[in-house]
Amino acid sequence: MNMKNTSPSAPVPDEFPEHRSGKQLKIDAARVRRQLQVLTVDARQGRTSEIIDQMRDRQDRAPARFALPFDRYPVTDLAGRSTYVLVARGQLVVEMDSAGPGADPRQVLRALGYRPWKRDVPSPERRTGVPERRRIGVPERRIGVYEGRKRPQELAGDVRKLAEMGITAAPHLVVPLGHIIKGDDYPYATAALGEFSPETGGKSGVPAVRVAVIDTGITPEDRTDNWLDAIVRRADNTEFLDVLPVTDGRAGDGRLDWSAGHGSFAAGIVQRVAPRCEVRAYRFTRSDGLGTDKEAAEAMLRAVEEAAADGVRLIINASIGTPAVDGVPPLALQSTVREIAERFPEVLIVASAGNNGSADPMYPAAFDGVVAVGALTEDLLPAPFSSHGDWVDCSCVGLGVVATFVTGTLPPVPDPVVADYSFPANSWAVWSGTSFSAPQISGMVARACVDDPGLTPRDALDALLAGRRTIPGYGRVLRVLPGTPV
């Protein structure tokens, strides 16, 4: 993104120590080394594929309100290697206004055996929870989701047929909390002390700055340590912690689902860095941290609409990501990011760069105008798992970050290598990934805006990054939260 010419700012000091004992730091270091190994390579041959198979089986068996049936869709990365993305089973995303002369996308899709996705049919009020009179704008091109009984290879063929008619379409991407799920990079409990009870709303008591965390939602737990307690819980934003599998009508098996706690962890990072800003949680996922391109886009749009209605400055934190497929980025996210940039230019979107360890652009981070955040080690060197490239704007520590977590037991399914372990009430965890670099930047921008009522989030970002040293492929380097030395 284009940065303004502003005077260099002083380096951000390490203001947020963890207060871990030497013994706890050694324990954490061993666990973070495991996270690093899993994020950098598949530590156990075939484990990633096994986890995805387990997830797919759970989703296929789950009730519709929890489930997102998906398939692997083959793609080729920039290095020419064969890999895959996850796509909602049998679904296409279509730019409905992209057809050439005389082509009606609806008729063409019907002829190809598709029908409107049932989740895409309800009114705006039912779909987003925002009354229609309050909805502010729609994506610049109307995006439709269509479904049919199609295998990935058939989807690919239909995308080519539609392209020949001038209709832009792509498989409906699943936007997980990481492109290729590395589900055994488990978070671990740690002993960390919150030195203060987070306060919200600034001096006036009326929040003027908001960070919208687009993620898995927020824990339903009423913590007694005052962390996360100011984040409003709604039925549509609480995390699915233990809902799968469903057996004999009973949800859950006493274990946290995959990616459970991801949203609470990201929200806790924002709150650590900017305790006086308002944090709102927007869940776009169903169980196991799975949500679609369209659902993520709608969560962003809802966050913008609510901030505009409430008259607050807004930073969107999106610790999510997926690559383009055959050169086509996620269409719903693309349309929404453009709409936000055009209609609400002072809104800042911050997104994680991804944990692929490659230069393949990840979205929404790689879209123009979005702040892409990579990950560094504790000594401010590139984390080997971090995605990188000239599309990355800045990076901060993403290895062994400490933040708030949820109550429950991991791993999500019994693991022959990792013994079961539990998180008590008021838990803190140590976790790694670019997902936990991005909310540090969101928090720093919010912190600056709270301190200066006249500052826009984009101006705050410019001032924050001005004069920083750079690492090629990782952008400007910042130290915000400390990590865990390994």
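Counting restarts for each chain: residues are numbered from 1 in the order of the written sequence. Reporting in this predicted model follows two pLDDT cut-offs: at least 70 for local features of residues, and 80 or more for side-chain atom pairs to be given and counted; totals over whole chains, interfaces and linings ignore these cut-offs and use all residues. Derived side-chain values reflect all non-hydrogen atoms in the structure, with water molecules and hydrogen atoms excluded from consideration.

Student: I'm lost on the overall build of the protein in this one. Help?
Tutor: Helix and strand assignments come from DSSP, with helices taken as H or I runs of at least 4 residues and strands as E runs of at least 2, each series counted from the N terminus. Regarding its fold elements, the protein presents 10 helices and 22 strands. Long-range contacts, defined as pairs at least 24 residues apart, comprise 78% of the intrachain contacts of the protein with a sequence gap of at least 6. Approximately 19200 Å² of the protein is accessible, and the part contributed by carbon and sulfur atoms is 51%. In this description, contact between two residues means that some pair of their heavy atoms is separated by no more than 4.5 Å. For accessible areas, the Shrake-Rupley method is used with a probe of radius 1.4 Å. Any residue's cover is judged against the shown protein chains and nothing else.

Student: Looking at this model, I keep getting lost on the packing of helix H7 (residues 293-310) against helix H8 (residues 331-343). Mind explaining?
Tutor: A pair of packed helices can be characterised by two numbers: the angle between their axes and the separation between those axes. To get an axis, fit a line to the C-alpha atoms, keeping to the stretch in contact for a helix; angles then go from 0 to 180 degrees between the N-to-C directions. The geometry of H7 relative to H8 is characterised by a closest axis approach of 7 Å and an angle of 20° between their N-to-C directions. With respect to their mutual orientation, H7 and H8 come out roughly parallel. With respect to the hand of their crossing, H7 and H8 are arranged in left-handed fashion. Here Asp-293, Lys-294, Ala-296, Ala-297, Met-300, Leu-301 and Val-304 of H7 lie close against H8, whose contacting residues are Leu-331, Ala-332, Leu-333, Thr-336 and Ile-340. Just so you know how the angles are binned, under 35 degrees is roughly parallel, over 145 roughly antiparallel, 65 to 115 roughly perpendicular, and the rest oblique. Should the near helix be turned anticlockwise from the far one by less than a right angle, the crossing is termed left-handed; should it be turned clockwise, right-handed.

Student: Quick question: what am I supposed to make of the packing of aromatic side chains here?
Tutor: Note on ring pairs: Phe, Tyr and Trp rings are taken, using the six-membered ring of Trp, and paired if centres are within 6.5 Å. Classes follow the plane angle, with under 30 degrees stacked, over 60 edge-to-face and the rest tilted. Using the criterion set out here, one finds 10 aromatic pairs in the structure. Where Phe-66 meets Phe-240, the ring centres are 5.3 Å apart and the plane angle is 80°; that geometry is what we call edge-to-face. Highlighted residues: Phe-66 in the loop between helix H2 (47-61) and strand S1 (70-76) and Phe-240 in the loop between strand S7 (209-215) and strand S8 (246-247), separated in sequence by 174 residues. Judged on exposure class, the residue Phe-66 and its partner Phe-240 are both buried. Three or more aromatic residues joined by ring pairs form one cluster here, namely Tyr-188, Phe-265, Phe-405, Tyr-421, Phe-423, Trp-431 and Phe-436. Whether a charge lies above a ring is judged from NZ of Lys or CZ of Arg, which has to be within 6 Å of the ring centre and within 35 degrees of the ring normal. The lysine or arginine in question, Arg-72, covers the ring of Tyr-84, its NZ or CZ lying 5.3 Å from the ring centre. Burial classes: relative accessible area under 20% of the type maximum marks a residue as buried, over 50% as exposed, and values in between as partly exposed (1.4 Å probe, protein chains only).

Student: So what exactly am I meant to see when it comes to the packing of helix H6 (residues 262-273) against helix H9 (residues 438-451) here?
Tutor: Remark: H6 packs on H9, axes separated minimally by 8 Å, with the N-to-C direction vectors making an angle of 35°. In the packing of H6 onto H9, the handedness of the crossing is right-handed. Facing Ala-266, Ile-269, Val-270 and Val-273 of H6, the residues of H9 in contact are Pro-439, Gln-440, Gly-443, Met-444 and Arg-447. Only Asp, Glu, Lys and Arg are considered charged, only Ala, Val, Leu, Ile, Met, Phe, Trp, Tyr, Cys and Pro nonpolar, and every remaining residue, Gly among them, polar. Looking at the contact of H6 with H9, its residues break down into 6 nonpolar, 2 polar and 1 charged.

Student: What is the right way to read the pattern of salt bridges from this model?
Tutor: Any two side chains of opposite charge can pair, given that their charged atoms come close. Criterion for a salt bridge: a side-chain nitrogen of Lys or Arg within 4 Å of a carboxyl oxygen of Asp or Glu. Scanning all chains against the criterion turns up 31 salt bridges. For Arg-234, the salt bridge is made with Asp-236, and the minimal N-O distance between the two is 2.9 Å. Judged by relative accessible area, Arg-234 falls into the partly exposed class, the value being 22%. As a salt-bridge pair, Glu-306 and Arg-302 come within 2.9 Å of each other at their nearest N and O atoms.

Student: Would you mind showing me how to read the sheet that holds strand S15 (residues 371-376) here?
Tutor: Each strand in a sheet pairs with its neighbour through backbone hydrogen bonds, running either in the same direction (parallel) or in the opposite one (antiparallel). Read across the open sheet, the 8 strands follow the order S10-S7-S11-S13-S15-S16-S22-S21; overall the sheet is mixed. Edge strands, defined here as strands with exactly one partner in the open sheet, are strand S10 (278-283) and strand S21 (470-471). H6 contacts S7 and S10 of the sheet and is inclined by roughly 155° relative to S7. Sheet strands touched by H7: S7, S10, strand S11 (313-318) and strand S13 (348-352). Its angle to S7, the strand with the most contacts, is close to 165°. Should DSSP find at least two bridges between two strands, the strands are regarded as paired.

Student: Help me out: how do you make sense of the side chain of Asp-158 in this one?
Tutor: Here Asp-158 lies in helix H5 (residues 152-164). A residue is classified by how much of its surface remains accessible, and Asp-158, at 4% relative accessible area, is buried. Not counting residues within four places of it along the chain, the set of residues in contact with Asp-158 comprises Leu-92, Leu-112, Tyr-114 and Lys-150.

Student: So what exactly am I meant to see when it comes to the sheet that holds strand S20 (residues 428-431) here?
Tutor: Spatially, S6-S20-S17 is the arrangement adopted by the 3 strands of the open sheet, whose pairing is antiparallel. Only two strands of the sheet have a single partner each, and these edge strands are strand S6 (188-189) and strand S17 (401-404). Pairing analysis gives 2 bridges linking S6 to S20, with the strands arranged antiparallel. When the bridges of S20 are listed, Ala-189 appears paired with Ala-429. This element, H6, spans S17 and S20 of the sheet and lies at about 100° to S17.

Student: What am I meant to see in the confidence of the model for the protein here?
Tutor: Regions with low pLDDT carry predicted coordinates that are not meant to be interpreted in detail. Averaged over all residues, the pLDDT of the protein is 87; the fraction at 70 or higher stands at 87%. For every residue, the predictor assigns a confidence score, pLDDT, that lies between 0 and 100. Between residues 121-140, whose pLDDT stays under 50, and residues either more than four places distant or in other chains, the model counts 43 contacts. Throughout residues 200-204 the model reports pLDDT below 50, and contacts reaching past four residues in sequence, or to other chains, amount to 9 contacts.

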